[in-house]
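Commentary on secondary and tertiary structure
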Amino acid sequence: MKRLLTHLGLRFFLLFSCIFLSSFFISLSAQEFVKGGANGFEWRLIGRVFFDGGYFFNDTTDLGSSFQVNDIRLGTQIRFLEHWEAKIELGYGDSKISMKDIFLTYKFGEQAVRVGYQYEPFGNSRKLGVGYSYNHQWFNFMGGIYSDGDVQKSKSLDQGYSLAAKLIGRPLLKDKKLVHLSVAPRFSSGQETITFNAGIPTDLLTKDDNSYVEAKVDQVINQWKLDLEMILLYNKWYFQGQYFLAHLNRFQAGNYNGKGWYGQIGYMILGAKHNYNAATGMIVNPAPKSLEVLCRYNMIDLNDAGIRGGRLTDISLGMNYFINKYVAAKINYTHMMVGNSSPKGGDDFDLIQARLQFSF
């Protein structure tokens, strides 16, 4: 045990030495929009890169340790002709290049129409489609119609479609005080077989290696999803919780329900407050030199209708330090609890991981 702690401590000493030395030598600065040419044309370069390291222990599969460069992204944002915007961003991760945001937006007042490869107003998956949004001080509405296929893997003519929407209300919005409530429904049709999977909250494993719960559901007629979210801010305290339900109607077999939820609480040790972006309805990075601590509990249950997809639970303790506007250092400890119905078998294990994040 003593040798393990010494080995672990040495690895993280070296990692954080690299993190803080790197922060001193990064000389690039994020670009503001640069004007060029007529018709109000302006652009800026955007990108990010994650330097990750972690150590797994107490696991039966002996995953060991890993140090990686993850989620490299580079792109540009463009504004022109007063009402028009465009974004093109590519990423490299999991040993392949992939599309991220590629869309064109037309804004008029508090409203916007967006066409292209973009986030659905539900969950965190990107789809090709058309979306509409209305942003107000007290609420946001987002909705659209999208292809339900993976445009990066297949050119099938029968990809199905999805209808997704999200409504965010802010009954309280003041400096250092916020109540954010949202509901997001989604309907999709066209896929007879749907697979759900999830894993450890880490980027150190490939998607195939990180499938700790997986449910393959066939005979699907259509799918309904529901996402409920709450965000609370009070002075230096922060709370966020989310509940997710997927209901699949099936031809002959029993209907299937997969569900999950998480709750996390944070406190700002250094810094005045957490920042909130009303246009996107998301918590964003606080001011430089801010230090926060967080605790998160997460549960996913894919066991239903005779399908043993598995149950996965984890609890994490973390600390984030925002060195400056562009660089952040993060570390967290996670205890995983994998149910016996998991494809990999039941197992409880631990993970310590750290990240240097550079974004502009």
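Now for a look at the structure at hand. (Residues numbered from 1 in each chain as written. Predicted model: local features only at pLDDT ≥ 70, side-chain atom pairs only at ≥ 80, totals over all residues. Heavy atoms only, no water.)

**Observations regarding the overall build of the protein**
Counting its secondary structure elements, the protein contains one helix and 21 strands. By the burial criterion, 41% of the 360 residues in the protein qualify as buried. Within the protein, counting contacts between residues at least 6 apart in sequence, those at least 24 apart form 54% of the total. For the protein, the accessible area works out to roughly 19,400 Å², and carbon and sulfur atoms hold 59% of it. (Helix = DSSP H or I, 4+ residues; strand = E, 2+ residues; numbered from the N terminus. Buried < 20%, exposed > 50% of the residue type's maximum accessible area, 1.4 Å probe, protein only. Contact = heavy atoms within 4.5 Å. Areas by Shrake-Rupley, 256 points an atom, 1.4 Å probe, with all protein chains shown as cover.)

**Considering empty space enclosed by the protein**
Where empty space is left in the structure can be found by rolling a water-sized probe over the atoms. Throughout the structure, instances matching the rule amount to one cavity of 30 Å³ or more. In terms of lining, the largest cavity is formed by Asn285, Asn324, Lys325, Tyr326, Val327, Ala328, Gln357 and Ser359. Only strand E20 (327–338) and strand E21 (347–359) provide two or more residues apiece to the lining of the largest cavity. Its residues assigned to classes, the lining of the largest cavity shows three nonpolar, four polar and one charged. (1 Å grid on protein atoms, 1.4 Å probe; cavity = no way out; pocket = protein on both sides within 12 Å on 5 of 7 lines; lining within 4 Å. Points joined across faces, edges and corners; volume = space filled by probe spheres on them. Nonpolar A, V, L, I, M, F, W, Y, C, P; charged D, E, K, R; others polar.)

**Section: the packing of aromatic side chains**
The tally for this structure, following the rule as stated, stands at 14 aromatic pairs. Ring centres 5.8 Å apart and planes at 55° place the aromatic pair Phe122 and Phe244 in the tilted group. With Phe122 in the loop between strand E6 (111–119) and strand E7 (126–135) and Phe244 in strand E14 (residues 237–250), the pair connects residues that are 122 residues apart, well separated along the chain. Relative accessible area serves as the criterion here: at 28%, Phe244 is assigned to the partly exposed category. Judged by centre distance (4.7 Å) and plane angle (55°), the rings of Phe187 and Trp224 are tilted. In this pair, Phe187 sits in strand E10 (residues 177–189) while Trp224 sits in strand E13 (residues 220–234), placing the two residues 37 residues apart along the sequence. (Phe/Tyr/Trp six-rings, centres within 6.5 Å; stacked < 30°, edge-to-face > 60°.)

**Side note on a nonpolar patch on the surface**
Where nonpolar side chains cluster on the molecular surface, the patch consists of Trp138, Phe139, Phe141, Leu167, Val183, Leu228, Tyr243, Trp261, Tyr297 and Ile315 and spans about 820 Å² of accessible area. Relative to the helices and strands, Val183 resides in strand E10. (Patch = residues over 30% accessible without salt bridge, like charges linked within 9 Å, V, L, I, M, F, W, Y side chains within 5 Å. Salt bridge = Lys/Arg side-chain N within 4 Å of Asp/Glu carboxyl O.)

**A few points about the pairing of E21**
Within a regular strand, side chains alternate between the sheet's two faces. Most of E21 is tucked away, with 11 of its 13 residues classed as buried. Direction of pairing for strand E2 (residues 42–57) relative to E21: antiparallel, over a ladder of 10 bridges. Its bridge partner lying in E21, Phe56 is registered against Leu351. Bridge analysis of E20 against E21 gives 12 bridges, and the strand direction is antiparallel. Each residue of the ladder has a partner; that of Asn332, found in E21, is Gln353. (Pairing = 2+ DSSP bridges.)

**Examining unusual backbone geometry**
You will see that Leu81, though not glycine, has its phi angle at about 50°, which is positive. Within the element layout of this structure, Leu81 appears in the loop between strand E3 (65–80) and strand E4 (84–93).

**Observations concerning the layout of surface pockets**
What the second largest pocket holds in volume is close to 160 Å³. In terms of lining residues, the second largest pocket is bounded by 13 residues, among which Lys174, Lys176, Leu233, His274 and Tyr276 are the most central. Mapped by element, the contributors of at least two residues to the lining of the second largest pocket are strand E9 (161–174), E10 and strand E16 (275–277). A breakdown of the residues in the lining of the second largest pocket according to their chemical character gives five nonpolar, three polar and five charged.

**A word on the nonpolar core**
Ranked by internal contacts, the top residues of the largest apolar core, which has 23 residues, are Phe56, Phe196, Ile200, Leu248, Tyr256, Leu302 and Phe349. Every element with two or more residues in this core is listed here: strand E11 (194–198), strand E12 (213–217), E14, strand E18 (290–304), strand E19 (307–322), E20 and E21. Beyond its immediate stretch of four places on either side in the chain, Phe56 contacts Leu63, Gly64, Ile200, Thr202, Leu204, Leu205, Phe349, Asp350 and Leu351. (Core = buried A, V, L, I, M, F, W, Y, C linked by side-chain atoms within 4.5 Å.)

**Thoughts on the pattern of salt bridges**
Two side chains carrying opposite charge are able to pair once their charged atoms lie near each other. Applying the stated criterion to the full structure yields 17 salt bridges. A salt bridge links Arg79 to Glu42, with the shortest nitrogen-to-oxygen separation between them at 3.2 Å. One end of the pair, Arg79, is in strand E3; the other, Glu42, is in strand E2, and 37 residues separate them in sequence. Judged by relative accessible area, which is 33%, Arg79 ranks as partly exposed. Judged by relative accessible area, which is 14%, Glu42 ranks as buried. With a shortest N-O distance of 3.7 Å, Lys259 and Asp301 are connected by a salt bridge. Of this pair, Lys259 sits in strand E15 (residues 256–270) while Asp301 is found in strand E18, placing the two residues 42 residues apart along the sequence. Relative accessible area serves as the criterion here: at 10%, Asp301 is assigned to the buried category.

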